[in-house]
Amino acid sequence: MIHDTGHEPHDWWSPRELDFYKEVTVDDGWLLCPCCKLVPRIWEFDNGSSTICGCRTNIYQRWSIHAESINHIYKRDGNLSNYDPDRLRKYWNRWVETGEVTYDNRGAKGDDV
Ligand SMILES: [Zn+2]
């Protein structure tokens, strides 16, 4: 799938990112990034999750889609009934399809780190 684009995506990820970010596939339901045509990689921990693809917002910063941490959801709702383990993929796909960013982690600084 990736090779159809003619890109060599792994050249765009540093060894550190390859260690930290997990590979996901189109078969898992992830859409390709409309800009770099890559399937993203994901980083997922209890304190939040995010994507990386081949895009950057500047030379230091990858473009990424974020999802709330379990702690953040729990603090907001008082329970985990709204916790969706698939939320990062849904947020990513929504951004790909509509350009809409569901969750802006800048508002949650301090909760998620
Ligand atoms: Zn991209």
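Scroll up to find the structure.
What you see as residue numbers is a count from 1 along each chain, following the sequence as written. With the structure being a predicted model, the display of local features is reserved for residues of pLDDT at least 70 and the display and counting of side-chain atom pairs for 80 or more, all residues being used for whole-chain, interface and lining totals.

Asks: How would you sum up the environment of I70? Please name residues and give values.
Replies: Helix numbers and strand numbers start at the N terminus; a helix is a DSSP run of H or I with at least 4 residues, a strand a run of E with at least 2. With respect to the helices, strands and loops of the structure, I70 is situated in helix α2 (residues 70-77). Residue burial is a threshold on neighbouring C-beta atoms within 10 Å of the residue's own C-beta, all placed from the backbone, with 20 or more meaning buried, 12 or fewer meaning exposed, and counts in between meaning partly exposed. For I70, a count of 15 C-beta atoms within 10 Å puts it in the partly exposed group. In this structure, the C-alpha to C-alpha distance between I70 and Y83, residues 13 residues apart in sequence, is 7.0 Å. Once residues lying within four places of it in the same chain are set aside, the contact partners of I70 are D46, L80 and Y83. Contact between two residues is assigned whenever their backbone-derived C-beta positions fall within 7 Å.

Asks: Give me the lowdown on helix α3 (residues 87-98), citing residues and values where you can.
Replies: Here α3 contains 12 residues, and its C-alpha end-to-end distance of 16 Å stays within 8% of the 16 Å for a straight helix at 1.5 Å per residue. Residues L88, R89, Y91 and W92 constitute the buried set of α3. The arc enclosing the buried residues of α3, seen along the axis, measures out at 165°, which places them on a common side. Away from the buried face of α3 by more than 90 degrees, exposed residues E97 and T98 are located. Helix span is expected to be 1.5 Å times the residue number reduced by one. Here the arc refers to the directions that run from the helix axis out to each C-beta atom.

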